[in-house]
Amino acid sequence: MAEVKICGLSEERHVAAAVDAGARFLGFVFFPRSPRAVTATQAAALTAEVPVGVARVGLFVDPSDDLLREVLDHAALDVIQLHGYESAARVAEVKALTGLPVMKAVGLSGPADLPQLMDYGVAADMLLVDAKPPAGADLPGGNGLAFDWRLLVGRHWLRPWMLAGGLTPDNVAEAVRLTGAPVVDVSSGVERAPGVKDVALIRAFVEAARS
Ligand SMILES: O=C(O)c1ccccc1N[C@@H]1O[C@H](COP(=O)(O)O)[C@@H](O)[C@H]1O
């Protein structure tokens, strides 16, 4: 059984569906090129009614200090997710600037990428293990791409972690079984079109992950 993060939420009915289904983390994307991007003002409404015990995660890609401040002036966030090329030093800066725990995403395509999980394990409070985006991809995540989960078998990190990348209601139970992931993160796998979440898929994903 794994806890669930539903990422890329942009409509209140999908926030409600994720909470009702039992998701423990909700993700809001502040990366303008994403089909799931929300503004600081939209996020203020989306994050306002989330119950205690459900963490609101702001996803940023190499954000400026100004963007972080603007979003935090409006929206209530509990965790910052960094999904770009941020260094460990930048992770520490963002943590100091925002006063929030930071989760650093690391993209894997093979064993050579694994040491990054140790490198970030000191500065970051949490790790997010995702598929490495293909060269030239427009988005650094949210592409529905999986990696070889066997890379993670028997590995342990310094920090709590989440598994992401190409997860769906159909494959999430096997991903949890193989990797032992305590939390799974999904975006495109619960959509019926890019950026359009689907209530039935959200429910099916949470049920499969927590079964
Ligand atoms: O979801 C996005 O649009 C996004 C944009 C930029 C960086 C990361 C993004 N999403 C994150 O990517 C992974 C995997 O997503 P998927 O399930 O394979 O679609 C996940 O952590 C999302 O939070």
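Anything mentioned here points back to the structure above.
No experiment lies behind these values; they were computed from the predicted model shown. (Residues numbered from 1 in each chain as written. Predicted model: local features only at pLDDT ≥ 70, side-chain atom pairs only at ≥ 80, totals over all residues.)

Caption draft 1: Structural view of the site of the ligand. Around the ligand sit 28 residues in total, of which Cys7, Ser34, Gly141, Gly142 and Ser188 are the nearest. Looking at the shell around the ligand, the elements that each hand over two or more residues are strand S2 (25-29), strand S6 (126-131) and strand S8 (183-186). In terms of residue class, the shell around the ligand is built from 12 nonpolar, 13 polar and 3 charged. (Near = placed C-beta within 6 Å. Helix = DSSP H or I, 4+ residues; strand = E, 2+ residues; numbered from the N terminus. Nonpolar A, V, L, I, M, F, W, Y, C, P; charged D, E, K, R; others polar.)

Caption draft 2: Examining the pairing of strand S5 (residues 102-108) more closely. Here S5 lies mainly inside the structure; 7 of its 7 residues are buried. Note: strand S4 (residues 79-82) against S5, 3 bridges, orientation parallel. In the sheet register, Gln81 faces S5, and the bridge partner there is Met103. Handedness of the crossover joining S4 and S5 through helix H4 (residues 88-98) is recorded here as right-handed. (Buried ≥ 20, exposed ≤ 12 C-beta atoms within 10 Å, placed from the backbone. Pairing = 2+ DSSP bridges. Right-handed = clockwise from strand over helix to strand, strands pointing away.)

Caption draft 3: Local environment of the packing of helix H1 (residues 12-21) against helix H7 (residues 199-210). In the contact formed by H1 and H7, the axes pass within 9 Å of each other and the chain directions differ by 25 degrees. One element, H1, and the other, H7, form an angle in the roughly parallel class. The interaxial crossing formed by H1 with H7 has right-handed handedness. Along the contact surface, H1 presents His14, Ala17, Ala18 and Ala21, while H7 presents Val199, Ile202, Arg203 and Val206. (Axes fitted to C-alpha atoms, helices over the stretch in contact; angles between N-to-C directions. Parallel < 35°, antiparallel > 145°, perpendicular 65-115°, else oblique. Left-handed = near helix turned anticlockwise from the far one by under 90°. Contact = placed C-beta atoms within 7 Å.)

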